[in-house]
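For reference, the chains in residue letters:
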Amino acid sequence: MRKASAGSRRGEFCKKIFFAWSSCRFVAHGRQNRNHSRSMSILNLEHISKNLGGRVILDEASVGIEAGEKVGIIGVNGTGKSTLLSIIAGTMEPDEGEVIRQKCLRISYLLQNPVFDAKKTLLENVTSMVYGKADHWDTKGEVRSHLLKFGIPDPNADPSCLSGGQKKRAALVAAMLT
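Student: Is there a simple way to think about the sheet that holds strand S6 (residues 55-66) in this case?
Tutor: Two pairing modes exist for strands in a sheet, parallel and antiparallel, and in both the strands are linked by backbone hydrogen bonds. With respect to topology, three strands assemble into an open sheet ordered S6-S5-S8, the strand pairing being antiparallel. Of all the strands in the sheet, the pair left with one neighbour each is S6 and strand S8 (96-101). When the angles between neighbouring strand axes are averaged without regard to direction, this sheet yields 15°. Taken together, the five bridges between strand S5 (residues 41-52) and S8 define a ladder with antiparallel strand orientation. Its bridge partner being in S8, asparagine 44 is matched across the sheet by isoleucine 100. Each of S5, S6 and S8 is contacted by helix H1 (residues 81-89), which is oriented at about 130° to S5, the strand it contacts most.

Student: Explanation requested: the pairing of S6 in the structure shown.
Tutor: Along a regular strand, successive side chains alternate from one face of the sheet to the other. Direction of pairing for S5 relative to S6: antiparallel, over a ladder of eight bridges. Across the sheet, leucine 45 pairs through a bridge with valine 63, a residue of S6. Adjacent in sequence and paired antiparallel, S5 and S6 are bridged by two residues, among which glycine 53 carries a positive phi angle near 60°.

Student: Is there a simple way to think about the nonpolar core in this case?
Tutor: For soluble globular proteins, nonpolar side chains are generally found buried alongside one another. By size, the foremost hydrophobic cluster in this structure holds 14 residues, and its most contacted members are Leu122, Val126, Val143, Leu147, Ala170 and Val173. Mapped onto this core, the elements with two or more residues apiece are helix H2 (122-129), helix H3 (139-149) and helix H4 (164-177). Tallying contributions element by element places H4 first for this core, with four residues. Every residue in contact with leucine 122, bar those within four places of it in the chain, is listed here: Phe116, Leu147, Ile152, Pro155, Ala157, Pro159, Leu162 and Ala170. Core analysis: the next-biggest nonpolar cluster, separate from the first, contains 13 residues, Ile42, Leu43, Ala67 and Ile88 among them.

The rules behind these values
- Residues numbered from 1 in each chain as written.
- Predicted model: local features only at pLDDT ≥ 70, side-chain atom pairs only at ≥ 80, totals over all residues.
- Heavy atoms only, no water.
- Pairing = 2+ DSSP bridges.
- Helix = DSSP H or I, 4+ residues; strand = E, 2+ residues; numbered from the N terminus.
- Axes fitted to C-alpha atoms, helices over the stretch in contact; angles between N-to-C directions.
- Contact = heavy atoms within 4.5 Å.
- Core = buried A, V, L, I, M, F, W, Y, C linked by side-chain atoms within 4.5 Å.
- Buried < 20%, exposed > 50% of the residue type's maximum accessible area, 1.4 Å probe, protein only.

By themselves, these figures tell us nothing about what the structure is for.
Right, dumping it as structure tokens:
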């Protein structure tokens, strides 16, 4: 297992965020991807910096993830874990640095607090959140099936009537189908 710090100083290990990863076979959505070698880098963050509200969240963070690696990001509240994941997922841009993703790489990102459009049913919301719909034969059918498997009996429910846990499970369905 390798360890890397998000801090820019070599002697300072992991004051903010701790990355830990170990090798395993590369699995993409449940299927082994034979087109990738074990040593191929699928994602690189190079000298990423991000300030939010005048506060330095990430300072010159650099990390690479190779095909077949599982990554854990650990840190206390407010240290930049969600910001880092948002940058990796492409929902937030770094102030400085570069994010290099392998071509055709898909990243699913489950928000801490999923947001749903109140004008749409749960089924419509989750279906619209699925990236790569062309890869699915019947996206709405798959979403409906997964919602039922995740304990949400009415896919046509009003999202505002769901509990926090049900909203999280619904968002997880979209992430899993992406």
